[in-house]
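What the coordinates show
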Amino acid sequence: MITYFRDGFMDDKDASVSVRSRALNYGLGCFGGIRGYASDDGSDLFIFRLSKHAERLAISAKTLCLPMRVSSARLEDIVCELLRKNDVHADCYVRPMVISDSDELSPVLREEDATLVVYTLPLARYIDKEALDVCVSSWRRTSDNAIPSRLKPTGGYINSALARREASDNGYDEAILLTERGQVSEGSAEHLFMVQGGELFSPPSTEDNLDGITRRSLIELATEDLGLKFRERPIGRTELYTADELFFCGTGAEIMPIASVDRRTIGDGKPGPISSQIKSHFADVVRGRVASRRSWLTPVWA
Ligand code: PMP
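Conventions we followed
- Residues numbered from 1 in each chain as written.
- Predicted model: local features only at pLDDT ≥ 70, side-chain atom pairs only at ≥ 80, totals over all residues.
- Heavy atoms only, no water.
- 1 Å grid on protein atoms, 1.4 Å probe; cavity = no way out; pocket = protein on both sides within 12 Å on 5 of 7 lines; lining within 4 Å.
- Points joined across faces, edges and corners; volume = space filled by probe spheres on them.
- Helix = DSSP H or I, 4+ residues; strand = E, 2+ residues; numbered from the N terminus.
- Nonpolar A, V, L, I, M, F, W, Y, C, P; charged D, E, K, R; others polar.
- Near = heavy atom within 4 Å.
- Polar contact = N/O pair within 3.5 Å; in protein donor to acceptor, adjacent residues only side chain to side chain.
- Areas by Shrake-Rupley, 256 points an atom, 1.4 Å probe, with all protein chains shown as cover.
- Sits in = over half its atoms within 2 Å of the grid points.
- Axes fitted to C-alpha atoms, helices over the stretch in contact; angles between N-to-C directions.
- Parallel < 35°, antiparallel > 145°, perpendicular 65-115°, else oblique.
- Contact = heavy atoms within 4.5 Å.
- Domains from an automatic or database assignment.
- Buried area = accessible area lost by both parts, 1.4 Å probe.
- Salt bridge = Lys/Arg side-chain N within 4 Å of Asp/Glu carboxyl O.
- Core = buried A, V, L, I, M, F, W, Y, C linked by side-chain atoms within 4.5 Å.
- Buried < 20%, exposed > 50% of the residue type's maximum accessible area, 1.4 Å probe, protein only.
- Pairing = 2+ DSSP bridges.

**Quick notes on the layout of surface pockets**
Here the largest pocket is characterised by a volume of approximately 440 Å³. Tyr93, Arg95, Lys152, Ala189 and Gly252 are, among the 29 residues lining the largest pocket, the residues nearest its centre. Elements represented by at least two residues in the lining of the largest pocket include exactly α2 (50–63), β6 (92–100), β7 (114–122), α4 (157–169), α5 (213–225) and β14 (245–250). Element by element, the count of residues in the lining of the largest pocket is highest for α5, at 3 residues. For the lining of the largest pocket, the class distribution of residues is 12 nonpolar, 10 polar and 7 charged.

Written as structure tokens, this is what we have:
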């Protein structure tokens, strides 16, 4: 595979950092996660909300004092070029990263060490299940004031990994993390939506969750295209147990209905009608079947 590293494209095996790198030793860096979807006739590949992902990476990078080095527009071109150089025509994932590539000892953030990396890999479904059995994690979501959870800082994913590990050790598919104050934050790498009384709810980013691109997109799709009611508000743990429907969303997870939380069945344990409606509309949008949402897609091969 071809990867973008520092300031050019190269073979994967030449894109490497030292074992002494601060990026490796302290997790100093930030990243993004982008999906490409093959069009129905296979003639094109659509990148979902590329400009939003480029903007979010720039915000993460600025917050960490590790500038992206290229404009957001140039990053968008690099992503398209990367997919063309790798001859990608099937569903895929793209990971852009800005890392602190310095071999010095202390965990110091310095602008001059910022290094851009962009790689790609094939990715079809992330979790192969119709609906997930999830738990509320004993690990609290990292506060935005400790390690910025509104962004995607590399080292911060220890929090996600611990929650995910605990969930799988206890026989669950995924975890929901609460904030330090005990409100619902998000999944280990997904946002949460709740359906109650025909209305959609989701906690705001101030509940220590990522400023999510799929979440924001779904709010627009649900309210503008499907005429659903949505309200952003904090959600308490016990509301989860009696919700009519719950689902996760994210770039990797896409739309993933939840069957149970802490062994309490949600609805009848199957994807509910509103989750299913949103899931199916989202699938149409990302494959370019919805003309009014084509501006959210960047064609790679057209
Ligand atoms: N929360 C976390 C912690 C994540 O890592 C992700 C994946 N990027 C999400 C939520 C979903 O966000 P997005 O829709 O922007 O991919």
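**Considering the site of the ligand**
Near the ligand you find 15 residues, and of these Arg56, Tyr157, Glu186, Thr214 and Thr251 are the closest. Here a nitrogen atom of the ligand and a side-chain polar atom of Lys152 are 2.8 Å apart. For the ligand, an oxygen atom lies 2.5 Å from a polar atom in the side chain of Thr251. For the ligand, whose free accessible area comes to 380 Å², the fraction covered by protein is 97%. For the ligand, the cavity whose grid points lie within 2 Å of the majority of its atoms is the largest pocket. In the shell around the ligand, the residues fall into 4 nonpolar, 6 polar and 5 charged.

**Quick look at the packing of α5 against helix α7 (residues 273–286)**
Orientation of α5 relative to α7, taken along the N-to-C sense of each, is 105°, at an axis distance of 11 Å. Considering the angle they form, α5 stands roughly perpendicular to α7. Counted together, Thr214, Leu218, Leu221, Ala222 and Asp225 of α5 and Ile278, His281, Phe282 and Val285 of α7 form the full contact between these two elements. In terms of residue class, the contact of α5 with α7 is built from 6 nonpolar, 2 polar and 1 charged.

**Topic: the domain arrangement of the chain**
Parsing the chain into structural domains produces domain 1 (2–122) and domain 2 (132–286). One C-alpha centre belongs to domain 1, the other to domain 2; they are set 25 Å apart. Counting residues at the interface gives 19 residues for domain 1, matched by 18 residues for domain 2. Taken together, the two surfaces of domain 1 and domain 2 that pack against each other cover about 1700 Å², and 64% of this comes from carbon and sulfur. Area buried by domain 1 at its contact with domain 2 is led by Phe31, Phe48 and Arg56, which between them contribute 37% of it. Connecting domain 1 to domain 2 are 1 salt bridge. The partner of Arg35 in a salt bridge is Glu254, and the shortest N-O contact between them spans 3.7 Å. Linking domain 1 with domain 2 are 10 residue pairs in polar contact (both at pLDDT 80 or more). Contributions of two or more residues to the side of domain 1 that touches domain 2 are made by β3 (29–31), β4 (34–38), β5 (45–48) and α2.

**Let's talk about the nonpolar core**
Counting 26 residues, the largest nonpolar core has Ile47, Leu75, Val79, Leu83, Val98, Leu116 and Val118 as its most contacted members. Looking at this core, the elements that each hand over two or more residues are β5, α2, α3 (72–85), β6 and β7. Considering each element in turn, this core owes the most residues, 6 residues, to α3. Sequence-distant contacts of Val98, defined by excluding residues within four places in its chain, comprise Gly29, Cys30, Leu57, Ala61, Leu66, Pro67, Met68, Ala114, Thr115 and Leu116. The next biggest cluster of nonpolar side chains, apart from the first, holds 22 residues, and it includes Phe193, Phe247, Cys249 and Ile274.

**Quick notes on the pairing of strand β2 (residues 8–11)**
Residues in a regular strand project their side chains so that they alternate between the two faces of the sheet. In terms of strand pairing, strand β1 (residues 2–5) meets β2 through 4 bridges, oriented antiparallel. Within the sheet, the bridge partner assigned to Tyr4 lies in β2 and is Phe9.

**Brief notes about the pattern of salt bridges**
Applying the stated criterion to the full structure yields 26 salt bridges. Here Asp40 and Arg289 are joined by a salt bridge, their closest N and O atoms 2.7 Å apart. Residue Asp40 is found in the loop between β4 and β5, and its partner Arg289 is found in the loop between α7 and β17 (297–299); the two are separated by 249 residues along the sequence. The class of Asp40 is exposed, set by a relative accessible area of 53%. For the salt bridge of Asp169 with Arg165, the shortest nitrogen-to-oxygen distance reads 3.0 Å. With a gap of 4 residues between them, Asp169 and Arg165 both fall in helix α4, about one helical turn apart. Residue class for Arg165 comes out exposed when judged on its relative accessible area of 54%.

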